[in-house]
Amino acid sequence: MADETAPVVAAEAVRPARGERAWQEIAGAPGGAAAALVRADEELLLCGGRPVPGPLGELAGELGAAGAYSSLLDHHLDHRPGSAPRRAAPTPPGTAALMAALAGPAATVLDPACGSGALLAAAGRAGGRPRPARLHGQEADPYLARLAALRLALLGAAAHVRTGDALRDPEPGTDAGALADAVLCRPPSGEQDWGHQELAYDPRWEYGLPARAESELAWAQHCLSRLRPGGTAVLLMPPAAASRRTGRRVRAALLRRRALRAVVALPATAARPDDPPPHLWVLRRPGGPEGAPVPVPLSPCPGSCSSTPEPAPGPGKTAGHRSGRRRTAPCWTPGGPSTATGTFRGSPEPSPPPPSSTCSTSTWT
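Residues numbered from 1 in each chain as written. Predicted model: local features only at pLDDT ≥ 70, side-chain atom pairs only at ≥ 80, totals over all residues. Heavy atoms only, no water.

Asker: Would you mind going over the side chain of Thr95 with me for this structure?
Answerer: Within the fold, Thr95 resides in helix α5 (residues 93-103). Taking relative accessible area as the criterion, Thr95 reaches 7% and is therefore assigned buried. Each residue touching Thr95, except ones within four places of it in the same chain, is listed here: Leu236, Leu266 and Ala270. (Helix = DSSP H or I, 4+ residues; strand = E, 2+ residues; numbered from the N terminus. Buried < 20%, exposed > 50% of the residue type's maximum accessible area, 1.4 Å probe, protein only. Contact = heavy atoms within 4.5 Å.)

The following block contains the structure:
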């Protein structure tokens with residue numbers, strides 16, 4: 001099966017030519033770019049496969065309707081003025097496709113902070129996996145929620161996007177039928193007013209009440225609460241969430257109960273230019289079947305992080321064991337040109353990396 005993520009990834013290369021012409025038409029439209037984007041989506045939806053005139057049609061002919069709209073939408077969000085640009089900033093297409101691959105096949109996929117819908121769109125394209133039967137999204141910004149719904153409509157996905165803050169106003173229903181098989185999420189980072197006081201006794205905090213400065217750990221526990229037993233969540237997290245002292249107790253509980261299965265350090269190209277390289281957290285809700293392993297291509301990270309090799313274990317200790325202390329392990333980047341391959345069943349199990357690899361990921365014991 002052809003890789004359906006290709007049109008979106010190709011959007012970055014095409015934008016300087018046809019994409020720039022289409023964007024100039026959107027940006028200069030009467031009523032502003034926001035209204036013009038909605039009209040462009042409706043035009044692409046109503047064309048029914050027929051050619052669309054003008055620069056928009058040229059871009060759609062190159063990338064497809066969904067790829068053209070995603071390219072224009074991401075360009076708009078990159079330059080959108082507002083008080084929370086980081087929340088609106090699109091997730092890079094390659095990162096979104098990787099997160100969907102790590103989550104594995106799923107009938108229902110949820111993103112409780114979906115922004116403009118990039119992660120749900122990556123899940124809907126499948127990339128060689130069976131398509132999800134249903135996509136669910138929630139977004140506090142009504143404007144972004146509308147753009148996400150339009151993006152998913154162009155994919156032809158069965159999707160529902162709800163407006164609301166998922167921490168304060170979670171999706172109703174807690175029975176097994178309302179829970180998702182997979183959750184993809186890029187939590188808003190650095191939020192102080194996420195509801196620490198008003199949600200202090202919320203049953204979602206199975207692993208401990210997150211500190212006021214640890215909104216990301218609140219989102220991680222919310223994502224776990226929306227999964228069926230055995231379901232997988234993949235979160236794009238700031239690297240500080242793995243090391244802040246205020247979150248140590250919650251992280252330890254996630255590890256003890258085997259809910260946190262892997263932390264993957266991504267290269268700098270996976271982040272915005274002014275942000276540090278992010279981490280992927282792979283979580284699995286305890287209980288339920290483990291499921292089949294998901295093959296994930298792995299290659300040594302060529303990148304910019306470095307660590308010293310871990311010393312040989314002492315008597316009576318296994319490799320990597322340093323009780324109560326941080327330890328490092330070689331960093332493997334899913335995807336890339338290498339032919340090295342690993343399998344994923346909650347945590348990656350790649351072949352041993354070559355000694356020259358200097359990147360690292362962090363875990364805790």
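Still more ground to cover, so stick around.
Asker: Is there a simple way to think about unusual backbone geometry in this case?
Answerer: For residues that are not glycine, phi is negative in most cases, and the peptide bond is trans in most cases. One non-glycine residue, Arg258, lies in the positive phi region at around 60 degrees. Residue position: Arg258 is located in the loop between α9 (248-256) and β6 (260-265). Residue class for Arg258 comes out exposed when judged on its relative accessible area of 54%.

Asker: Is there a simple way to explain the environment of Gly124 in this structure?
Answerer: Turning to its location among the elements, Gly124 is positioned in helix α6 (residues 118-125). Residue classification places Gly124 among the buried residues on the basis of a relative accessible area of 4%. The residues touching Gly124, leaving out its near neighbours within four places in the chain, are Arg131, Pro132 and Leu135.

Asker: Help me out: how do you make sense of the side chain of Asp181 in this one?
Answerer: Here Asp181 is to be found in strand β4 (residues 180-185). Only 3.0 Å separates the side chain of Asp181 from the backbone nitrogen of Thr108, close enough to count as a polar contact. Beyond its immediate chain neighbours, meaning those up to four positions away, Asp181 contacts Ala106, Ala107, Thr108, Leu227, Arg228, Gly231 and Thr232. (Polar contact = N/O pair within 3.5 Å; in protein donor to acceptor, adjacent residues only side chain to side chain.)

Asker: Help me out: how do you make sense of the sheet that holds β4 in this one?
Answerer: Hydrogen bonds between backbone atoms are what pair the strands of a sheet, whose relative direction is either parallel or antiparallel. Taken in spatial order, the seven strands line up as β3-β2-β1-β4-β5-β7-β6 in an open sheet, and their pairing is mixed. The sheet is open, and its two borders are formed by β3 (159-163) and β6, each paired with just one other strand. Ignoring strand direction, the axes of neighbouring strands in this sheet form an average angle of 15 degrees. Pairing geometry for β4 and strand β5 (residues 227-237), over five bridges, is parallel. Paired with Ala180 across the strands is Leu227, a residue of β5. Where helix α7 (residues 142-155) meets the sheet, it contacts β2 (134-139) and β3, and its direction lies at approximately 175 degrees from that of β3. Packing of helix α8 (residues 215-225) onto the sheet brings it into contact with β4, β5 and β7 (279-284), and relative to β5 it is tilted by some 150 degrees. (Pairing = 2+ DSSP bridges. Axes fitted to C-alpha atoms, helices over the stretch in contact; angles between N-to-C directions.)

Asker: What exactly am I supposed to notice about the packing of α5 against α6 here?
Answerer: If you want to describe how two helices pack, look at the angle between their axes and the distance between the axes. Two elements in contact, α5 and α6, have axes whose closest approach is 8 Å; the angle formed by their N-to-C orientations is 60 degrees. The angle between α5 and α6 places the two elements in the oblique class. The handedness of the crossing between α5 and α6 comes out as right-handed. Of the residues in α6, those touching α5 at Ala96, Ala97, Met99 and Ala100 are Ala118, Leu119, Ala122 and Ala123. (Parallel < 35°, antiparallel > 145°, perpendicular 65-115°, else oblique. Left-handed = near helix turned anticlockwise from the far one by under 90°.)

Asker: So what exactly am I meant to see when it comes to the pairing of β7 here?
Answerer: Along β7, six of the six residues are buried, which leaves the element largely enclosed by surrounding structure. Neither face of β7 is open: one carries His279, Trp281 and Leu283, the other Leu280, Val282 and Arg284, and all of them are buried. As defined by bridge partners, β5 adjoins β7 across six bridges and the pair is classed as antiparallel. If you follow Ala233 over to β7, its bridge partner there is Leu283.

Asker: How do you make sense of α7 when you look at a structure like this?
Answerer: The α-helix advances 3.6 residues per turn, and as a result positions three or four apart in sequence lie on the same side. Taking 1.5 Å of rise per residue, 14 residues should cover 20 Å, and α7 covers 20 Å from first to last C-alpha, within 8% of that figure. Of the residues making up α7, those classed as buried are Leu144, Ala145, Leu147, Ala148, Leu150, Arg151, Leu152, Leu154 and Leu155. N-capping of α7 is provided by Asp141, with a side-chain oxygen placed 2.9 Å from the backbone N of Tyr143. Downstream of α7 by one or two residues, Gly156 has phi in the positive range, about 75 degrees. (Expected span 1.5 Å × (residues − 1).)

Asker: Explanation requested: the environment of Ala158 in the structure shown.
Answerer: Along the chain, the position of Ala158 falls in the loop between α7 and β3. A relative accessible area of 35% places Ala158 in the partly exposed class. Separated by 23 residues in the primary sequence, Ala158 and Leu135 place their C-alpha atoms 6.2 Å from one another. Contacts of Ala158, omitting those with residues within four sequence positions, involve Ala133, Arg134 and Leu135.

Asker: What is the right way to read the nonpolar core from this model?
Answerer: Nonpolar side chains tend toward joint burial in soluble globular proteins. Membership of the largest hydrophobic core comes to 56 residues, with the highest contact counts inside it found for Ile26, Tyr69, Leu72, Val109, Leu184 and Leu280. A per-element tally of this core places helix α3 (residues 54-78) first, with ten residues. Ignoring any residue separated from it by four or fewer positions in sequence, one finds Leu184 in contact with Met99, Ala100, Ala103, Val109, Leu110, Asp111, Pro112, Leu119, Ala123 and Val234. Formed by 31 residues, the second largest nonpolar core is a distinct cluster that contains Ala166, Val183, Cys185 and Leu283. (Core = buried A, V, L, I, M, F, W, Y, C linked by side-chain atoms within 4.5 Å.)

Asker: What exactly am I supposed to notice about the confidence of the model for the protein chain here?
Answerer: Detailed conclusions should not be drawn from predicted coordinates in areas where pLDDT is low. Across the protein chain, pLDDT averages 74, with 69% of residues at or above 70. Confidence drops under pLDDT 50 across residues 292-365; counting only partners more than four residues distant or on other chains, this segment forms 124 contacts. (pLDDT = per-residue confidence, 0-100.)

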